[in-house]
Amino acid sequence: MNKEEIIRQIEEDGVEFIRLQFTDIYGNLKNIAVTPGQMDKVFANRYSFGGAAALGGLCDFDDKLYLYPDFSTFTILPWRPQQGKVAKIDCDICNADGTPFAFGSRHILRQAVESAAGKGYSLIADPEIEFFLFHTDENGLPTTTSHELAGYMDVGPADFGENARRDIVLMLEEMGFEIESSHHEHAPAQHEIDFKEADALTMADSIQTFKFAVRSIAKRFGLYATFMPKPRMNVAGSGMHVRFRLEKDGRNVFRGEDGNASDEAYRFIGGIMAHAPALAAFANPTVNSYKRLLSGYDAPNTISWSLKGEKALVTIDREIDDIKIEFRLPDGSSNPYLLFASCVAAGLDGIEKGTVPGPELEAQTASDLRYLPEDLKEALDALQADEVLTGALGKDFVDVYTKIKAAEWKAYIRQVTQWEIDTYLARM
């Protein structure tokens, strides 16, 4: 959409608030809300904010940053009131002189996409996003409580969240999403909604809008939607498996002439596996992420690939006329911009270097297995040591990212948990 089309749609649909959205380094969605009377200022890229907000508010960064709207992302949010509708526009973050903010998540992915395009490639992403719908307390705050006992692909009345999930799907479609399927997942109160693939940048924007929409619509049902990887013990955690297809000149390079996976597909897998410890810093960016990986329930914990094994890090997804590479490591706490940027860098490095993934998971012995990081600190150390990902995303950015995430890790290990009290207090 251009400026005139946006103004016309604002007037015709009675839009009274426009959210100028951006994503911080954590993957959290932020915004400045404006009224239609301020659109000239929006179009002139004159809305600014304290730069620390782009870095999670945890860095000493006082410079003003500016929001540059991407008009193609203008969307009306259908769950808002009919009177006084609300729309959103995704924005790039720029410095005062109009140059991109080097640490902006969207900019980092855009650079990765342009680098891949310079080599003739475009990355298509197709995520499967899992989340829990929990009750809220009397103050409307989230809990980890649910009274349902539904399991994989169960239906109502066992599935207490069926009505909420249906409304989520319908409103996402009203926003332009093409929803391919939705269902109840393995754990009680756990759900999955899958939507149509798109290029990496469009998909990262869509994931951010999707998560915001799911949370907002769930709230109307008195529920809280969380993408936390492991909110409850002894049940499956929530992942965000991503199927990738790499295209060159409109052709899927992962599909060979015989219909099977091509050499490029295996080399892409080899690149993902070679950089998997560092990729975990973006795919699994929280302390809680590793409790999903270490708890079983088909979550990967080895650096492995398979044609069919659900416990492998990477699988080859065969369809009738298509082949995709499914990366099973990520979870919903990841920043999708940083995730896709790091994945395309790792995969293309594998193609360029001819990296082979080795034998399938099922053919490996226990002594052959290599394991993923067991905690956030191990992943951050791997990222710092990975020259390919550091070069692709920028050393200065990686230094800032690891500094922020290391502070999160240190805050965690200082905690004295109830498990420690229960296990040690009476014994020591």
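Here we summarise the structure given alongside this text. Counting restarts for each chain, with residues numbered from 1 along the sequence as it is written. Totals for whole chains, interfaces and linings use every residue, but because this is a predicted model, local features are given only for residues with pLDDT of at least 70 and side-chain atom pairs only at 80 or more, for both listing and counting. Side-chain calculation: all heavy atoms of the structure are included, whereas hydrogens and water are not.

Aromatic ring pairs are described here by two measures, namely the spacing of the ring centres and the angle between the planes. When the centres of two rings from Phe, Tyr and Trp lie within 6.5 Å, Trp using its six-membered ring, the rings pair. Their planes under 30 degrees apart give stacked, over 60 give edge-to-face, and anything left gives tilted. Counting across every chain of the model gives 19 aromatic pairs. For the ring pair Phe101 and Phe103, a centre distance of 5.7 Å and an interplane angle of 65° mean the geometry is edge-to-face. Here the term buried applies to any residue with accessible area under 20% of the maximum for its type, exposed to any over 50%, and partly exposed to those in between, with areas from a 1.4 Å probe on protein chains only. Here Phe103 falls in the buried class, since its relative accessible area comes to 18%. Relative to Phe195, the ring of Phe177 lies with its centre 5.2 Å away and its plane at 85°, an arrangement referred to as edge-to-face. Here Phe177, found in the loop between helix 4 (162-174) and strand 8 (179-184), pairs with Phe195, found in strand 9 (residues 190-195); they are 18 residues apart in sequence, far enough to count as distant. Take Phe177 and Phe195: they sit in the same class, and that class is buried. A cation over a ring is seen here: Lys41 above Tyr47, with NZ or CZ 4.4 Å from the ring centre. Over the aromatic face of Phe227 sits the side chain of Lys211, whose NZ or CZ is 5.5 Å from the ring centroid. Strands here are runs of E lasting at least two residues and helices are runs of H or I lasting at least four, both read from the DSSP assignment and numbered beginning at the N terminus. Remark: a charge is flagged as sitting over a ring if the NZ atom of Lys or the CZ atom of Arg is within 6 Å of the ring centre and within 35 degrees of the ring normal.

Bringing helix 12 (residues 395-413) into the picture now. The span one expects for a helix is its residue count, reduced by one, times 1.5 Å. With 19 residues, helix 12 should cover 27 Å at 1.5 Å per step; its first-to-last C-alpha distance of 26 Å lies within 8% of that length. Regarding helix 12, the residues found buried are Phe397, Val398, Val400, Tyr401, Thr402, Ile404, Lys405 and Trp409. Residue contacts are counted whenever heavy atoms from the two residues lie within 4.5 Å of one another. In this fold, the buried residues of helix 12 make contact with helix 3 (105-118), helix 7 (276-283), helix 9 (336-353), helix 10 (376-385) and helix 11 (387-393).

Right, let's talk about the pairing of strand 12 (residues 240-248) for a bit. Taking burial as the measure, the 9 residues of strand 12 include 8 buried ones, the bulk of the element. Pairing between strands is defined by DSSP: at least two bridges between them are needed. Taken together, the 9 bridges between strand 7 (residues 121-135) and strand 12 define a ladder with antiparallel strand orientation. Counted as the bridge partner of Ala125 is Phe244 from strand 12. Note: strand 12 against strand 16 (residues 323-327), 3 bridges, orientation antiparallel. Bridge pairing links Phe244 to Ile325 in strand 16. Examined bridge by bridge, strand 12 and strand 13 (residues 251-252) share 2 bridges and lie antiparallel to one another.

Ranked by internal contacts, the top residues of the largest apolar core, which has 122 residues, are Phe210, Phe327, Phe340 and Phe397. When neighbours within four sequence positions are excluded, Phe340 is seen to be in contact with Leu109, Leu123, Ala125, Ala200, Met203, Ala204, Ile207, Val242 and Phe244. Residues grouped as a nonpolar core are buried Ala, Val, Leu, Ile, Met, Phe, Trp, Tyr and Cys residues, joined through side-chain atoms within 4.5 Å. Core analysis: the second largest hydrophobic core is formed by 6 residues, Phe134, Ala189, Val235 and Ala236 among them.

Let us look at helix 5 (residues 200-220). Spanning 21 residues, helix 5 covers 31 Å between terminal C-alpha atoms, matching the ideal 30 Å at 1.5 Å per step. Of all the 21 residues making up helix 5, 17 are buried; the element is thus mostly covered by neighbouring parts of the structure. Phi for Gly222, located one or two positions after helix 5, is positive at around 70°.

Here we come to the packing of helix 5 against helix 9. At a closest axis distance of 9 Å, the pairing of helix 5 and helix 9 adopts a crossing angle of 150°. Put simply, helix 5 runs roughly antiparallel to helix 9. Between helix 5 and helix 9 lies a crossing whose hand is right-handed. Contact residues: Ala200, Leu201, Met203, Ala204, Asp205, Ile207 and Gln208 in helix 5; Pro336, Tyr337 and Phe340 in helix 9. The classification used treats Ala, Val, Leu, Ile, Met, Phe, Trp, Tyr, Cys and Pro as nonpolar, Asp, Glu, Lys and Arg as charged, and all other residues, Gly among them, as polar. Taken together, the residues of the contact of helix 5 with helix 9 sort by class into 8 nonpolar, 1 polar and 1 charged. Between N-to-C directions, angles cover 0 to 180 degrees, with each direction set by a line fitted to C-alpha atoms, over the stretch in contact for helices. For this classification, under 35 degrees means roughly parallel, over 145 means roughly antiparallel, 65 to 115 means roughly perpendicular, and everything else is oblique. Two helices crossing with the near one rotated counterclockwise from the far one by less than a right angle form a left-handed crossing, whereas a clockwise rotation gives a right-handed crossing.

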